[in-house]
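# Reading the structure
So you can see what is in the structure, the chains are spelled out below.
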Amino acid sequence: MITLSSLIERAQRSEHGFLDIQQAADEVFDTYSPAQSLEMAHQLYQSDVHQARCLAVFLFGRLAADTPDCLAFLRQQVSRDADWRVQEILAKAFDRYCADTGYEQSLAVIADWLADPHPNVRRAVSEGLRIWTGRPYFRDHPEAAVQFLSPLRHDESEYVRKSAGNALRDISKKHPALIEAELQQWDFNDKRVPQTYKLASKFILKKLT
């Protein structure tokens with residue numbers, strides 16, 4: 001039997017990386033019913049131990065495709081968590097939702113999250129789906145990934161701009177011409193754009209030198 005206290009104790013031993021925390025979440029999901037897993041996730045998320053909250057977020061991600069309230073909780077509550085490690089798992093949870101739902105079927109949700117006023121929600125998408133063109137649908141439609149990421153070039157949050165720039169850089173490895181064409185359209189009069197451009201163009205500029 002997996003108890004709440006044993007889960008928190010196990011999670012707390014994970015000081016570096018999230019693999020064992022994810023495995024613990026998978027064991028809960030495979031052992032209990034969705035309703036029981038959801039109840040345990042909510043209890044874990046009340047913990048002061050950040051690793052326990054990370055475990056909870058993994059569970060919410062596993063449940064989100066079939067439980068709309070979980071996706072809403074991730075967006076409205078988890079995105080406000082002050083711990084950066086919890087935000088890393090939020091990105092993974094959002095990607096899990098898209099994978100379970102189907103990336104093409106998730107396009108409207110992706111767009112909606114990217115339009116959210118909270119930077120942690122936007123960043124969960126740009127970071128969670130990396131490498132974007134390694135995901136189904138975007139693998140065959142890299143231009144769609146660029147269309148989602150490009151507007152973040154002048155995002156008010158440096159945190160989001162950095163994630164978007166790195167994601168575009170990832171895409172440029174296999175699709176340099178696509179990224180180069182996109183970058184040529186950017187307006188550098190906006191003082192926030194150069195930072196994103198520097199990240200996005202890293203591999204392209206190396207090829208030119």
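Treat the numbers as computed from the prediction; the structure is a model and nothing was measured.

### Quick notes on the overall build of the protein chain
Looking only at helices and strands, the protein chain features 13 helices and 0 strands. Taken from N to C terminus, the helices and strands of the protein chain fall in the order α-α-α-α-α-α-α-α-α-α-α-α-α. Here the C-alpha atoms of the protein chain give a radius of gyration of 18 Å, agreeing with the 17 Å that 2.2 N^0.38 yields for 209 residues. For the protein chain, the spread of C-alpha atoms along the three principal axes comes to 60 × 30 × 30 Å. Buried positions account for 51% of the 209 residues belonging to the protein chain. Taking as baseline every contact in the protein chain between residues at least 6 positions apart, the subset at least 24 positions apart corresponds to 63%. Total accessible area on the protein chain stands at roughly 10500 Å², and carbon and sulfur atoms take up 50% of it. Taken as two groups, the 26 positive and 29 negative side-chain charges of the protein chain have centres that lie 7 Å from each other.

### A look at helix 7 (residues 107–114)
Turning to helix 7, its buried residues number three or more, namely Val109, Ile110, Trp113 and Leu114. Take helix 7 and look down its axis: the buried residues cluster within an arc of 135°, on one side only.

### Digging into the pattern of salt bridges
Applying the stated criterion to the full structure yields 16 salt bridges. With its nearest N and O atoms 2.6 Å apart, the salt bridge here joins Arg75 to Asp112. Taken together, the positions of Arg75 in helix 5 (residues 68–76) and Asp112 in helix 7 put the pair 37 residues apart, joining distant regions of the chain. Under the relative-accessibility criterion, Arg75 is labelled buried at 18%. According to the relative accessible area criterion, Asp112 is partly exposed, its value standing at 40%. In this structure, Asp170 and Arg169 form a salt bridge, with 3.6 Å as the shortest nitrogen-oxygen distance. For the pair Asp170 and Arg169, a shared accessibility class is recorded, and that class is buried.

### A word on the packing of aromatic side chains
Considering all chains together, one arrives at 10 aromatic pairs under this definition. Pairing Phe60 with Phe73 gives two aromatic rings, centres 4.7 Å apart and planes at 40°, and the pair type is tilted. In this pair, Phe60 sits in helix 4 (residues 50–63) while Phe73 sits in helix 5, placing the two residues 13 residues apart along the sequence. Pair check on accessibility: Phe60 and Phe73 agree, each one buried. Each ring, one from Phe188 and one from Tyr197, has its centre 5.0 Å from the other, and the planes form 85°; the classification is edge-to-face. Given a relative accessible area of 39%, Phe188 falls into the partly exposed group.

### Focus on the environment of Ile89
As for its placement among the helices and strands, Ile89 is situated in helix 6 (residues 84–101). Taking the relative accessible area as the measure of exposure, Ile89 reaches 0% and is therefore buried. Discounting residues that sit within four places of it in the chain, Ile89 has contacts with Phe18, Cys54, Val57 and Phe58.

### A word on the nonpolar core
One finds Phe94, Ile110, Trp113 and Trp132 to be the most contacted residues of the largest nonpolar core, which totals 64 residues. A per-element tally of this core places helix 4 first, with 9 residues. Those residues in contact with Phe94 that lie beyond four places of it in its chain are Leu71, Val109, Ile110, Trp113, Ala124, Val125 and Leu129.

Calculation notes
- Residues numbered from 1 in each chain as written.
- Predicted model: local features only at pLDDT ≥ 70, side-chain atom pairs only at ≥ 80, totals over all residues.
- Heavy atoms only, no water.
- Helix = DSSP H or I, 4+ residues; strand = E, 2+ residues; numbered from the N terminus.
- Rg over C-alpha atoms; globule rule 2.2 N^0.38 Å.
- Buried < 20%, exposed > 50% of the residue type's maximum accessible area, 1.4 Å probe, protein only.
- Contact = heavy atoms within 4.5 Å.
- Areas by Shrake-Rupley, 256 points an atom, 1.4 Å probe, with all protein chains shown as cover.
- Lys, Arg positive; Asp, Glu negative; His and termini not counted.
- Charge placed at Lys NZ, Arg CZ, Asp CG, Glu CD.
- Arc of directions from axis to C-beta.
- Salt bridge = Lys/Arg side-chain N within 4 Å of Asp/Glu carboxyl O.
- Phe/Tyr/Trp six-rings, centres within 6.5 Å; stacked < 30°, edge-to-face > 60°.
- Core = buried A, V, L, I, M, F, W, Y, C linked by side-chain atoms within 4.5 Å.

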